[in-house]
Amino acid sequence: MKVVFILKMIFMDKLEFQGEWDKIKGKIKQAHAHLTDDDLKYEEGKDDELLGRLEKKLGKARDELVKWIKSL
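The text that follows walks through the structure, step by step, so that each part is easy to find.

Rules and cut-offs
Residues numbered from 1 in each chain as written. Predicted model: local features only at pLDDT ≥ 70, side-chain atom pairs only at ≥ 80, totals over all residues. Heavy atoms only, no water. Helix = DSSP H or I, 4+ residues; strand = E, 2+ residues; numbered from the N terminus. Buried < 20%, exposed > 50% of the residue type's maximum accessible area, 1.4 Å probe, protein only. Contact = heavy atoms within 4.5 Å. Core = buried A, V, L, I, M, F, W, Y, C linked by side-chain atoms within 4.5 Å.

Some thoughts on the overall build of the protein chain
Helix and strand counts for the protein chain come out as three helices and two strands. Mapped from its N terminus to its C terminus, the protein chain presents α and β elements in the order β-β-α-α-α. Here the protein chain holds 72 residues, and the buried ones make up 31% of them. Of the contacts made within the protein chain by residues no fewer than 6 positions apart, 37% connect residues no fewer than 24 positions apart.

Here it is as structure tokens:
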């Protein structure tokens, strides 16, 4: 059975996660094994912090990260 994750983009730089963050986090770690659990810590309402950490670690723009995470 395929698990479906719904990611909703808000103002192009914010994410609202519905579903299981742990599974999304696992896919991110598969693509970027150097990221730590602290790098991928997500708390509801603190998406700016998560995106900021990912921007810094991956050297990618926020909108690019949002699109990539939405595609997982």
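Next comes the rest of the description.
A short note on the nonpolar core
Counting residues in each nonpolar core, the largest one holds 13 residues, and the members touching the most others are Trp21, Ile28, Leu35, Leu40, Leu54 and Ile69. Elements with a minimum of two residues in this core: helix H1 (21-31), helix H2 (47-58) and helix H3 (62-71). For this core, the element with the most residues is H2, which contributes four residues. If sequence neighbours within four positions are ignored, Leu40 has contacts with Trp21, Lys25, Ile28, Lys29, Leu35, Leu50, Arg53 and Leu54.

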